[in-house]
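For reference, the chains in residue letters:
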Amino acid sequence: MSAAPSRPPPPARRRRWTWIDTALLAAVLAALGWFVYRTEAVMFYRWNWSVVASYLIKVDPATGHWQPNALLDGLFATLRLAVWGLVLATLIGVPMGVARNSRRLFPRLVSGLYVMVIRNIPPLVLVFVVAFFVANQILPGLGIRAALARAPDWLQATCAVLFGPPKIIENIIVGLLCLAIFTGAYVAEIVRAGIESVPRSQIEAGESLGLTRFQILWDVILPQALRNVLPPLANQFIQMIKDSSLVSLVSVQELTFVAQDVQIATQRVFEVFLFVGFLYFAVCWSLSRLFARLEARARAAG
């Protein structure tokens, strides 16, 4: 007796615009209108968005070409910090996440202590501790800034594109360490949960085949766990973009740091910070939609 053919999944429902959406949109617009009215009528504030536009793009007087101005440079610095910060956080978090599931007591204690401490102290405290200790005690002895100053022009240009201005490279390193240490604890928990999501039967099957513990981890557990940890890692990258504003405390010229300088120079508080908030929203929302589409495509292919 032949098996009945499986039914295709029902087509996804298309979302329709309802009166609730209209009411929510009207409420948001009314709140924005009330905010503009209060700032003009009560605070006697006069809006001037042209100031923000002048800090986006400028003309190089030497070449006559358009080039990014302060706000766009700050946005690029934020994206660089997020990318390299997540790379370093992954290098920290993956071994710690694996150690959280180790059979040995000492790796579990070390990784558990790291996760417990980092996740239960304010990020600002971590920034100050790392900044003052690393910046004052370790980095000056390494001579990184002096070495870059003597480096060829092409190497300095490459460093500026990948990391930022060589003259503040030590500040950038401190900022990246802060982000990596802080985010690494969350990556460790993501990896731990991904490893624990692999069925125990898969591990027992590897043991029955005579595989070593490393082979089971590398060939059996991690490939399956990777599929489960990619969505939360993508969300962590988006969170890293927002958390990068913390390193403005160590004089890294990312978007928040630049926005503070621009609003001081122009006295345009609302325009500058509303626009910066829009930039953060646009980048994070675009990345969330991209990651959601990639996740749906991977789920359909699997």
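Residues numbered from 1 in each chain as written. Predicted model: local features only at pLDDT ≥ 70, side-chain atom pairs only at ≥ 80, totals over all residues. Heavy atoms only, no water.

Q: Residues and numbers for the side chain of Ser244, please.
A: In this structure, Ser244 sits in the loop between helix H10 (213-243) and helix H11 (255-266). Residue class for Ser244 comes out buried when judged on its relative accessible area of 0%. One polar contact links the side chain of Ser244 to the main-chain carbonyl oxygen of Ile241, over a distance of 2.6 Å. Residues within four places of Ser244 in sequence aside, it is in contact with Thr78, Leu81, Leu179 and Glu254. (Helix = DSSP H or I, 4+ residues; strand = E, 2+ residues; numbered from the N terminus. Buried < 20%, exposed > 50% of the residue type's maximum accessible area, 1.4 Å probe, protein only. Polar contact = N/O pair within 3.5 Å; in protein donor to acceptor, adjacent residues only side chain to side chain. Contact = heavy atoms within 4.5 Å.)

Q: An account of a nonpolar patch on the surface is needed here, citing residue identities and associated values.
A: A grouping of Val83, Trp84, Val87, Leu88, Leu91, Val161, Leu162 and Phe163 is seen on the molecular surface, where their side chains present a nonpolar patch of about 660 Å² in accessible area. Looking at the nonpolar patch, the elements with two or more residues in it are helix H3 (70-100) and helix H7 (153-162). Top contributing element to the nonpolar patch by residue count: H3, with five residues. Along the chain, Val83 turns up in helix H3. (Patch = residues over 30% accessible without salt bridge, like charges linked within 9 Å, V, L, I, M, F, W, Y side chains within 5 Å. Areas by Shrake-Rupley, 256 points an atom, 1.4 Å probe, with all protein chains shown as cover. Salt bridge = Lys/Arg side-chain N within 4 Å of Asp/Glu carboxyl O.)

Q: Please set out the nonpolar core residue by residue, giving values where relevant.
A: Judged by nonpolar contacts, the single largest core of 58 residues is most densely connected at Leu71, Val174, Ile241, Val250, Leu255 and Val276. For this core, the elements supplying multiple residues, two or more each, are H3, helix H4 (105-119), helix H5 (123-142), helix H8 (169-196), H10, H11 and helix H12 (269-301). Counting residues per element, this core draws most heavily on H8, which supplies 12 residues. Contacts of Leu255, omitting those with residues within four sequence positions, involve Leu71, Gly74, Leu75, Thr78, Val276, Leu279 and Tyr280. (Core = buried A, V, L, I, M, F, W, Y, C linked by side-chain atoms within 4.5 Å.)

Q: Could you give me a rundown of empty space enclosed by the protein, with the residues and numbers involved?
A: With the rule as written, the count across this model stands at one cavity of 30 Å³ or more. Lining the largest cavity are Pro123, Leu126, Val127, Cys178, Leu179, Phe182 and Leu246. Secondary-structure elements contributing two or more residues to the lining of the largest cavity are H5 and H8. Considered class by class, the residues forming the lining of the largest cavity number seven nonpolar, no polar and no charged. (1 Å grid on protein atoms, 1.4 Å probe; cavity = no way out; pocket = protein on both sides within 12 Å on 5 of 7 lines; lining within 4 Å. Points joined across faces, edges and corners; volume = space filled by probe spheres on them. Nonpolar A, V, L, I, M, F, W, Y, C, P; charged D, E, K, R; others polar.)

Q: Help me get a handle on the packing of aromatic side chains, residues and values and all.
A: Counted under the stated rule, the structure contains four aromatic pairs. Between Trp84 and Phe163, the aromatic rings sit 5.0 Å apart at their centres with planes inclined by 25°, giving stacked as the arrangement. A residue pair is termed long-range when its members are at least 10 positions apart, and Trp84 in helix H3 and Phe163 in the loop between H7 and H8 qualify at 79 residues. Take Phe163: its relative accessible area is 31%, and that puts it in the partly exposed class. Between Phe182 and Tyr186, the aromatic rings sit 5.4 Å apart at their centres with planes inclined by 65°, giving edge-to-face as the arrangement. In this pair, Phe182 and Tyr186 both sit in helix H8, four residues apart, roughly one turn of the helix. We classify Phe182 as buried; its relative accessible area is 10%. (Phe/Tyr/Trp six-rings, centres within 6.5 Å; stacked < 30°, edge-to-face > 60°.)

Read these as layout, nothing more, since geometry by itself doesn't imply function.
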